[in-house]
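The chain contents come next:
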Amino acid sequence: MTISSRGNRPYAVVYDLEFTAWDGSQERKWMAPGEFKEVIQIGAVKVDEHFSPQETFNLLVQPRLNRVLSPFIQTLTGISNAALAKAGIDFADAFTRFVAFAGALPVVAFGRDDLVLADNIRLYGLTALPPMPDWIDIRHWLIKNGIDVRGMHACDVGPAAGVPFEGQTHDGLFDALSVASGVHALMMRGAARPGLVSEALLP
């Protein structure tokens, strides 16, 4: 899927992950036996310097360890076991394609999705993958521009900036588009463009 870009040069890639979860796993911090944050979707959008969408990227990923999704995560994301069986690809292939999509651009996420990618690489013992692009946690910029990010998810960024959410919440692509639309809306109201330098971790 390609979105009209008005010819502007790509500035960054906004992305969002969905990963395996169970009822209560967030509260348990995925510490119960057999619980891992295995990536099941990578959604992304290239944006120009105004954070207007240019080109989208969307892949379903078949987890290696917990190959059957819990009812909880199916309901949350709208991703079914049937959809994964039909279109899901291996994480190594999905990660490689994502890095190729990003190219030399930095990747922007609401939170530390880069750590989830790194955890999957370690979990699967992968050693021959391309390096992760430079990352930016957009929460820092949102806080500086008056958005209280506590308790928020990526899908909440657009609505917090006054942009109605479109699509399925907790879908990687729609959530990435929501982040981009929220940043764009704040910039149109005078916020300075987000920088492309990683900042210190938030709790």
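The structure under discussion appears in the preceding block.
About the thresholds
Residues numbered from 1 in each chain as written. Predicted model: local features only at pLDDT ≥ 70, side-chain atom pairs only at ≥ 80, totals over all residues. Heavy atoms only, no water. Helix = DSSP H or I, 4+ residues; strand = E, 2+ residues; numbered from the N terminus. Buried < 20%, exposed > 50% of the residue type's maximum accessible area, 1.4 Å probe, protein only. Contact = heavy atoms within 4.5 Å. Areas by Shrake-Rupley, 256 points an atom, 1.4 Å probe, with all protein chains shown as cover. Lys, Arg positive; Asp, Glu negative; His and termini not counted. Charge placed at Lys NZ, Arg CZ, Asp CG, Glu CD. Pairing = 2+ DSSP bridges.

All right, on to the overall build of the protein then. Assigned secondary structure in the protein consists of eight helices and five strands. Scanning the protein from its N terminus toward the C terminus, one meets helices and strands in the order β-α-β-β-α-α-α-β-α-β-α-α-α. The C-alpha extent of the protein, read off along each of the three principal axes, is 45 × 35 × 30 Å. The burial tally for the protein puts 49% of its 203 residues in the buried class. Of all intrachain contacts in the protein linking residues separated by at least 6 positions in sequence, the fraction that spans at least 24 positions is 72%. Summed over all atoms, the accessible surface of the protein reaches about 9,900 Å², with 56% contributed by carbon and sulfur. Across the protein, 17 positive and 22 negative side-chain charges occur, with their mean positions spaced 3 Å apart.

Below, the discussion takes up the pairing of strand β2 (residues 39-47). Where burial is concerned, most of β2 is hidden: nine out of the nine residues are buried. Strand direction decides the pairing type here: strand β1 (residues 12-19) and β2, joined by eight bridges, are antiparallel. Following the sheet pairing, V14 is matched in β2 by V45. Note that β2 and strand β3 (residues 53-60) share seven bridges and pair antiparallel. By the bridge assignment for β3, K46 is matched with E55. Linking β2 to β3, which pair antiparallel, is a turn of five residues; within it F51 sits at a positive phi near 65°.

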